[in-house]
Amino acid sequence: MRRLVQRFVACAALVGIAAACVADFDPQSKIGSVRILASRADKPYAKPGEAVHLEVLAVDGRTDKTRPMKMFWLPFVCENPRNDAYYACFAPPSRDAGAGDADAGGAGAVLGLLRPGVDLTPFLKTGPAYDITMPKDAVTSHAHVDGVDGPYGLALVFNVACAGHLEIVAADPSTGVQQVPIACFDEEENQVDPSQYVIGFTRVYAYDDRLNQNPVIDHLTFEGNPVDLAHGIDVDHCTTALRRDCPEKKIDIAVPDTSWELNPSDKDTNGTVRHEQVWASYFSSVGQLEGDARLLYDPAQGKVDGSEVKYQPPNEIGDGTLWIVVHDNRGGANWVEVPLHVH
């Protein structure tokens, strides 16, 4: 299984939020706009009451960066929203909220105190990192979910990469319930286009008796040779007129099998616990990648051979960046940022 069937894209987690996803003809791996590529928690599975450190990998691929990109965090933890749905975090509090819904409307209550046209910057945390505390009742207050093995809790924290400032926007009934009532505006109060902001969120699960570690990245190879991550990759520019005729260079990432952890929630037909699925997503600001993801570890078969991705350098000489994000299917993530020097 050389290709990952399921594409794991940052904005795919926000289906229905049209403003967060850029519609163009570039491959998903090509960075040409404001993007959130990944987020991670130092404890993807946290115990109730534990402190958790969150980080986001946000990048700005715009040509014009006159208005710089900023990273914002909405200053609340959405605990156990109804049906674990992110958009339930923005619902108004319900008088008939059942078990597990006590805090689901918290964001709606907080944002409901503000009105459109107000710059939210004074109320927000800025920067690539944010610290939270997993609520102490995260597990006990979560409603039972059919088909899920064992009690758990869920905390959602929202992050926004924006070339401007954030404001509340009025709900649009035509877009359904899956909208986040926030948008990015410039200094003249114009809502910026979708290439200049993206809304994301970080999930952190709570368990009393389970752990999960972020994948470890051992090293990166280019054409089979180890890469010095500080210096980056040197590659000759493409000299052919047609993109398909450009030489293909192989890039691969090494993740040790210790990062292929057991997944207690995944059992085969014999009741045997299987391991995590681990994959790598690739992004670049220059050149072109063949596809955007590669499977590294299969839950049953283990390490996958032939996990390298093919890269074609651009025709232009200059510098760019390669980003590689390694995920596991329990919310773990890690990444590297590598300079690309095109000669």
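This one's a predicted model, so the numbers in the text were calculated from it and none came from an experiment.

J.: Quick one: what's the story with the pattern of salt bridges, residue by residue and with numbers?
T.: Enumeration according to the criterion identifies nine salt bridges in this entry. The closest approach of N and O atoms between Asp60 and Arg62, which form a salt bridge, is 2.8 Å. We classify Arg62 as buried; its relative accessible area is 7%. Two residues, Lys310 and Glu248, come together in a salt bridge whose shortest N-O distance is 3.7 Å. Remark: Glu248 occurs in the loop between β14 (233–235) and β15 (249–254) and Lys310 occurs in strand β22 (residues 309–312); sequence separation between them is 62 residues. Salt bridges here are not isolated pairs; linked through shared partners, they connect Glu261, Glu276 and Arg330.

J.: Can you lay out the packing of aromatic side chains for me, pointing to particular residues and giving the numbers?
T.: As enumerated under the stated definition, the model contains twelve aromatic pairs in all. Between Tyr45 and Tyr205, the ring centres sit 6.2 Å apart and the planes meet at 70°, which makes this aromatic pair edge-to-face. A residue pair is termed long-range when its members are at least 10 positions apart, and Tyr45 in strand β2 (residues 45–46) and Tyr205 in strand β11 (residues 197–206) qualify at 160 residues. Exposure remark for Tyr205: the relative accessible area of 22% places this residue in the partly exposed category. Residues Phe76 and Phe90 carry aromatic rings whose centres are separated by 6.3 Å and whose planes lie at 80° to one another, so their mutual orientation is edge-to-face. Here Phe76 is found in the loop between β4 (70–73) and β5 (78–79), whereas its partner Phe90 is found in the loop between β5 and α1 (106–111), with 14 residues between them in sequence. When sorted by exposure, Phe76 lands in the same class as Phe90, which is buried.

J.: Explain the state of the cysteines residue by residue, including any values.
T.: The full count for this structure, using the stated rule, is three disulfides. In this model Cys78 forms its disulfide with Cys89; the gap between the sulfur atoms is 2.1 Å. The sign of the S-S torsion, about -95°, decides the handedness of the disulfide formed by Cys78 and Cys89: left-handed. Taken together, the residues span a long stretch of sequence, with Cys78 in strand β5 and Cys89 in the loop between β5 and α1 at a distance of eleven residues. By the burial criterion, Cys78 is buried, and Cys89 matches it. The disulfide bridge from Cys162 ends at Cys184, spanning 2.0 Å between sulfur atoms.

J.: How would you explain the sheet that holds strand β1 (residues 34–41) if you had to name every residue and give the values?
T.: Pairing is antiparallel in the open sheet, where three strands are placed in the order β1-β3-β7. Each edge of the open sheet is held by one strand with a lone partner, namely β1 and β7 (129–133). For this sheet, the mean inter-axis angle between neighbouring strands, taken without regard to orientation, is 25°. Bridging between strand β3 (residues 51–60) and β7 involves five bridges; their strand directions are antiparallel. Looking at the pairing, Ala51 lines up with Thr133 of β7.

J.: Quick rundown of the side chain of Asp60? Include the residues and the values.
T.: Along the polypeptide, Asp60 turns up in strand β3. When residues no more than four places from it in sequence are discounted, the contact partners of Asp60 are Ser33, Val34, Lys65 and Met69.

J.: Can you explain the nonpolar core? Please cite residues and give values.
T.: A general tendency of soluble globular proteins is for nonpolar side chains to be buried together. Ranked by size, the top nonpolar core spans 26 residues in total, and within it Ile251, Ile253 and Ile324 carry the most contacts. Of all the secondary-structure elements, those providing two or more residues to this core are β12 (219–222), β14, β15, β18 (278–284), β20 (293–298), β22, β23 (318–328) and β24 (333–342). Top element by residues in this core is β24. It accounts for four residues. Discounting residues that sit within four places of it in the chain, Ile251 has contacts with Leu220, Thr221, Phe222, Tyr282, Glu308, Val309, Tyr311, Leu322 and Ile324. Within the second largest apolar cluster, 25 residues are counted, among which are Cys78, Leu120, Leu124 and Leu154.

Conventions adopted
- Residues numbered from 1 in each chain as written.
- Predicted model: local features only at pLDDT ≥ 70, side-chain atom pairs only at ≥ 80, totals over all residues.
- Heavy atoms only, no water.
- Salt bridge = Lys/Arg side-chain N within 4 Å of Asp/Glu carboxyl O.
- Buried < 20%, exposed > 50% of the residue type's maximum accessible area, 1.4 Å probe, protein only.
- Helix = DSSP H or I, 4+ residues; strand = E, 2+ residues; numbered from the N terminus.
- Phe/Tyr/Trp six-rings, centres within 6.5 Å; stacked < 30°, edge-to-face > 60°.
- Disulfide = S-S within 2.5 Å.
- Pairing = 2+ DSSP bridges.
- Axes fitted to C-alpha atoms, helices over the stretch in contact; angles between N-to-C directions.
- Contact = heavy atoms within 4.5 Å.
- Core = buried A, V, L, I, M, F, W, Y, C linked by side-chain atoms within 4.5 Å.

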